[in-house]
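# Structural overview for review
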Amino acid sequence: TRSKGPKVQGSKGPKVQRVQRSDAMDVVREFFAVLNADDASQACALYGADCIVEQAWIRSRDTLRGLDAVGGAWRDEIDRYAGALPGGHRFDVTRVAGIETGWGWVRAEWVRSVAARADRAERHAVGYSHFWIEDGRIRRQRTVADDVPAVRAREKRPASGRRYPSRPLAGVGAVVLSEAG
């Protein structure tokens, strides 16, 4: 059962409190949280006015420019599809990480499962999205998604075999240990 809470216009689910974020990864985490709450208005609040979004929607591989076009597409997506994951969520985000291309770029890897509100036909995909965050707003988003059968979307994701140091090491950019040492 979906939790009930205060709603905003254009919202299908409980309102997620919007807080100005300076950390790009927090903006991306919040983005998926508001989509899982079926809140198109809050999702739109995370975009910059001149945003560019590529291939983010289920029925379209379009590139849209500007908040009005992007907002309309998210409202249509939320009106057309309900989340089909536990809790009524549409995304299970498996990883959010910075990208080495420079400040503000974030990659999110995810599984998406939705059901058409009209006939409950399910669609499933695995994919990732790249986000460019500037001044706490999404300036650009690019998505790559592959449609998959339901069984693959529901697979438990394996834990990473990487081991990370318990504390930062001074003077080292990154340390990842493997079984090979």
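Structure: see above.
First things first, this report covers the structure right here in the doc. (Residues numbered from 1 in each chain as written. Predicted model: local features only at pLDDT ≥ 70, side-chain atom pairs only at ≥ 80, totals over all residues. Heavy atoms only, no water.)

### Concerning the overall build of the protein
Formally: Strands here are runs of E lasting at least two residues and helices are runs of H or I lasting at least four, both read from the DSSP assignment and numbered beginning at the N terminus. Exposure is judged per residue with a 1.4 Å probe applied to protein chains only, and the accessible area is read against the type maximum: over 50% gives exposed, under 20% gives buried, and values in between give partly exposed. Accessible surface is estimated by sampling points in the Shrake-Rupley manner with a 1.4 Å probe; for residues, cover comes only from the protein chains shown.
Scanning the protein for helices and strands turns up 4 helices and 7 strands. Starting at the N terminus and ending at the C terminus, the protein contains elements arranged as α-α-β-β-α-β-β-β-β-β-α. Across the 181 residues that make up the protein, the buried fraction comes to 39%. Put simply, the protein shows about 10,400 Å² of open surface, and 49% of that area lies on carbon and sulfur atoms.

### Thoughts on the nonpolar core
Put simply, the test is: To form a nonpolar core, buried Ala, Val, Leu, Ile, Met, Phe, Trp, Tyr and Cys residues must be joined to one another through side-chain atoms within 4.5 Å. Every residue pair with non-hydrogen atoms within 4.5 Å of one another is taken to be in contact.
Counting 29 residues, the largest nonpolar core has Val-28, Phe-31, Phe-32, Tyr-47, Trp-74, Phe-131 and Ile-138 as its most contacted members. Residue assignment for this core shows that the elements contributing at least two residues are α1 (24-36), α2 (40-45), β1 (47-54), α3 (67-80), β4 (91-98), β5 (105-116), β6 (122-134) and β7 (137-147). The dominant element in this core, judged by the number of residues it contributes, is α1, at 7 residues. In contact with Trp-74, not counting residues within four places along its chain, are Phe-31, Leu-35, Ala-40, Tyr-47, Ala-56, Trp-57 and Gln-141.

### Overview of α1
Note the threshold: To estimate how far a helix should reach, multiply one less than its number of residues by 1.5 Å. Pairing of N or O atoms within 3.5 Å defines a polar contact, subject to two protein rules: one partner must be a possible hydrogen donor and the other a possible acceptor, and residues neighboring in sequence count only if both atoms are side-chain atoms.
The end-to-end C-alpha distance of α1, which contains 13 residues, comes to 19 Å, matching closely the 18 Å that a straight helix rising 1.5 Å per residue would cover. Taking the backbone nitrogen of Met-25 as reference, a side-chain oxygen 3.1 Å away marks Asp-23 as the first, capping residue of α1.

### A closer look at the side chain of Glu-54
Structurally, Glu-54 can be placed in strand β1. Under the relative-accessibility criterion, Glu-54 is labelled buried at 16%. Residues contacting Glu-54, with those up to four places away along its chain left out, are Asp-62, Thr-63, Arg-140, Gln-141, Arg-142 and Thr-143.

### A short note on the pattern of salt bridges
Keep this limit in mind: In the sections that follow, a salt bridge refers to a side-chain nitrogen of Lys or Arg positioned within 4 Å of a carboxyl oxygen of Asp or Glu.
Tallied over the full model, the rule gives 10 salt bridges. Notably, a salt bridge pairs Glu-54 with Arg-140, separated by 2.4 Å at the nearest N-O pair. Remark: Arg-140 occurs in strand β7 and Glu-54 occurs in strand β1; sequence separation between them is 86 residues. Linked by salt bridges that have partners in common, Asp-38, Arg-90 and Arg-117 make up one network.

### With respect to the environment of Tyr-128
Secondary-structure assignment places Tyr-128 in strand β6. A relative accessible area of 25% means that Tyr-128 is categorised as partly exposed. C-alpha separation for the pair Tyr-128 and Val-96, spaced 32 residues apart in sequence, amounts to 9.6 Å. In this structure, Tyr-128 is in contact with Arg-107, Ala-108, Glu-109, Trp-110, Arg-142, Thr-143 and Val-144, ignoring residues within four places of it in sequence.

### Focus on unusual backbone geometry
In this structure, Arg-120 takes a positive phi of about 65° despite not being glycine. Residues other than glycine seldom take positive phi values, yet Asp-135 does so here, at roughly 55°. With respect to the secondary-structure elements, Asp-135 resides in the loop between β6 and β7. Among the residues examined, Asp-135 registers a relative accessible area of 64% and is labelled exposed.

### Points about the pairing of β6
Cut-off, in case you're wondering: For two strands to be treated as a pair, DSSP must find at least two bridges joining them.
Summarising the sheet, β5 and β6 pair through 11 bridges and their orientation is antiparallel. Bridge pairing in β6 places Ser-113 opposite His-124. What sits between the antiparallel neighbours β5 and β6 is a turn of 5 residues, in which Arg-120 has the positive phi angle 65°. As defined by bridge partners, β6 adjoins β7 across 10 bridges and the pair is classed as antiparallel. Within the sheet, the bridge partner assigned to His-130 lies in β7 and is Arg-142. Where β6 hands over to β7, the hairpin turn is made up of 2 residues, of which Asp-135 adopts a positive phi near 55°.

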